[in-house]
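Structural description and commentary
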Amino acid sequence: MSNNKTKSFAIILASGSGSRFNSNSCPKHLIDIKGVPTIVWTLNLILQSGVFDGIIIVARDSDLLITNKLISKFFNIEKEVFLTTAGGKDRMQSFFNGLSEISRINKINNSDLIALIDSNRPFCSADQMVDLNKLARINGCSCPARPVVNGVAKVFSKKITEVPPKEDFVEFVTPEFIRYELLKQSIDKSSTTAFKSLVEHSLNVFVQSVFTESSELNSKLTYPEDLVFLEGLVSKYNLKIPVEIKIES
């Protein structure tokens, strides 16, 4: 883990129901990609990055037991630096539930970094995690982004009212990193759930986020067809498939 004075903490959001995946009986973070649960892929790359001093997984209360059980097959949970906690009524409330639990266990300093990570973007590279961590240390907030390729438009009452130049926009995704001091300032200024991203919290205190170039490895598991695409990425990029740890007898 990081040996620098400034620490980094990861909050992994895994509290979705899987309804858009047509899998209400199995949350998306537990759906297998090449025989391995999505959350395991995500955790594996996070640990490979080596930048985090604490990791927490936020899942629905009903999924915590099975989540811990599956994770323990691949990681020695007594030696690793992650916890689990129950999610909230929406995405950002789940994030703040995770932040509260991390704060309970660790002393978080103003200069420390907090990362919001989607469990269902399982192939974000370890190198990108390192780059985002460095950028956030320098600039206060960071995320992956790429140019918008399709047209964008403002709408009102189901009618297009304006077509701004798409060159003025990027599509940004997780993982997002923010300096804890900035997040606290934004929370003091606005409701904790007023925004849906850390980038918005950063802008709320007049700090512009910097970004790295996102790629197809930042793709998200949302719909059934996404599973085929993600499994194709494993072969395309020759990603090493996580394996279960051997239990000593």
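Details of the structure are given in the entry above.
What comes next concerns the included structure. (Residues numbered from 1 in each chain as written. Predicted model: local features only at pLDDT ≥ 70, side-chain atom pairs only at ≥ 80, totals over all residues. Heavy atoms only, no water.)

**Quick look at the nonpolar core**
The condition is simple: The definition of a nonpolar core used throughout is a set of buried Ala, Val, Leu, Ile, Met, Phe, Trp, Tyr and Cys residues joined through side-chain atoms within 4.5 Å. Using a 1.4 Å probe on the protein chains alone, a residue whose accessible area is under 20% of its type maximum counts as buried, one over 50% counts as exposed, and one in between counts as partly exposed. Numbering of helices and strands runs from the N terminus; a helix is a DSSP stretch of H or I covering at least four residues, while a strand is a stretch of E covering at least two.
Leu43, Phe52 and Ile55 are the most contacted members of the largest nonpolar core, which has 37 residues in total. Within the residue set of this core, elements represented by two or more residues are strand 1 (8-14), helix 1 (38-49), strand 4 (54-59), helix 2 (64-71), strand 6 (113-118), helix 4 (126-139) and helix 7 (224-236). No other element matches the six residues that helix 1 contributes to this core. Grouped together as the second largest cluster of nonpolar side chains are 23 residues, Phe9, Ile56, Ile108 and Cys141 included.

**Some details on the packing of helix 3 (residues 91-105) against helix 5 (residues 180-189)**
Applicable threshold: What counts as an axis is a line fitted to C-alpha atoms, over the stretch in contact for a helix, and the angles between N-to-C directions run from 0 to 180 degrees. Roughly parallel means an angle under 35 degrees; roughly antiparallel means over 145; roughly perpendicular covers 65 to 115; every other angle is labelled oblique. Crossing handedness: left-handed means the near helix sits turned counterclockwise from the far one by under a right angle, and right-handed means the same turn made clockwise. Contacts are assigned to residue pairs that have any heavy atoms within 4.5 Å of one another. When residues are sorted by character, Ala, Val, Leu, Ile, Met, Phe, Trp, Tyr, Cys and Pro go into the nonpolar class, Asp, Glu, Lys and Arg into the charged class, and all the rest, Gly among them, into the polar class.
Two numbers describe how helix 3 lies on helix 5: the axes approach to 14 Å, and their chain directions differ by 125°. Taken together, the axis directions place helix 3 and helix 5 in an arrangement best described as oblique. For the pair helix 3 and helix 5, the sense of crossing is left-handed. Seen from helix 3, the contacting residues are Phe95, Phe96, Leu99 and Ser103; seen from helix 5, they are Tyr180, Leu183 and Ile187. Considering only residue class, the contact of helix 3 with helix 5 consists of six nonpolar, one polar and no charged.

**A closer look at a nonpolar patch on the surface**
Our working definition: Surface patches are defined over residues having more than 30% relative accessible area and no salt bridge, joining like charges when they lie within 9 Å and nonpolar side chains (Val, Leu, Ile, Met, Phe, Trp, Tyr) when within 5 Å. Note on areas: Shrake-Rupley with a 1.4 Å probe; residue coverage comes only from the protein chains shown. A pair is scored as a salt bridge if a Lys or Arg side-chain nitrogen falls within 4 Å of a carboxyl oxygen belonging to Asp or Glu.
A contiguous nonpolar patch, built from Val155, Ile160 and Val163 and spanning about 330 Å² of accessible area, is present on the exposed surface. Residue placement: Val155 occurs in strand 8 (residues 154-156).

**Notes on the packing of aromatic side chains**
What counts is decided by this rule: Any pair of Phe, Tyr and Trp rings, taking the six-membered ring for Trp, is counted once the centres come within 6.5 Å. Such a pair is stacked with planes under 30 degrees apart, edge-to-face with planes over 60 apart, and tilted for the rest.
Applying the stated criterion across every chain yields a total of four aromatic pairs. Judged by centre distance (5.8 Å) and plane angle (20°), the rings of Phe52 and Phe177 are stacked. With Phe52 in the loop between helix 1 and strand 4 and Phe177 in strand 11 (residues 176-179), this pair connects stretches of sequence that are 125 residues apart. Phe177 shares its class with Phe52; the two are buried.

**Side note on unusual backbone geometry**
Outside of glycine, negative phi angles account for most residues, and trans bonds account for most peptide bonds. Cis geometry marks the peptide bond from Thr174 to Pro175, where omega comes out at 10°. Inspection of the secondary structure puts Pro175 in the loop between strand 10 (170-172) and strand 11. The residue Lys158 is not glycine, and still its phi comes out positive at about 65°. With respect to the helices and strands, Lys158 occurs in the loop between strand 8 and strand 9 (159-162). The phi torsion at Phe206 lies on the positive side, around 65°, for a residue other than glycine.

**Considering the environment of Asn218**
With respect to the helices and strands, Asn218 occurs in the loop between strand 12 (210-213) and helix 7. For Asn218, a relative accessible area of 4% gives the class buried. If we skip the residues at most four places from it in the chain, Asn218 touches Arg121, Cys124, Gln128, Pro144, Val173, Thr174 and Pro175.

**A word on the environment of Phe211**
In this structure, Phe211 sits in strand 12. The spatial distance from the C-alpha of Phe211 to the C-alpha of Leu132 is 7.6 Å, given a sequence separation of 79 residues. In this structure, Phe211 is in contact with Leu135, Cys143, Pro144, Ala145 and Val170, ignoring residues within four places of it in sequence.

**Some remarks on helix 1**
So the rule is basically this: To estimate how far a helix should reach, multiply one less than its number of residues by 1.5 Å.
A rise of 1.5 Å per residue sets the reference length of helix 1, with its twelve residues, at 16 Å; its end C-alpha atoms lie 17 Å apart and thus fit the reference within 8%. Along helix 1, eleven of the twelve residues are buried, which leaves the element largely enclosed by surrounding structure. The complete set of buried residues in helix 1 reads Thr38, Ile39, Val40, Trp41, Thr42, Leu43, Asn44, Leu45, Ile46, Leu47 and Ser49. Positive backbone phi, approximately 70°, marks Gly50, located one or two places after helix 1.

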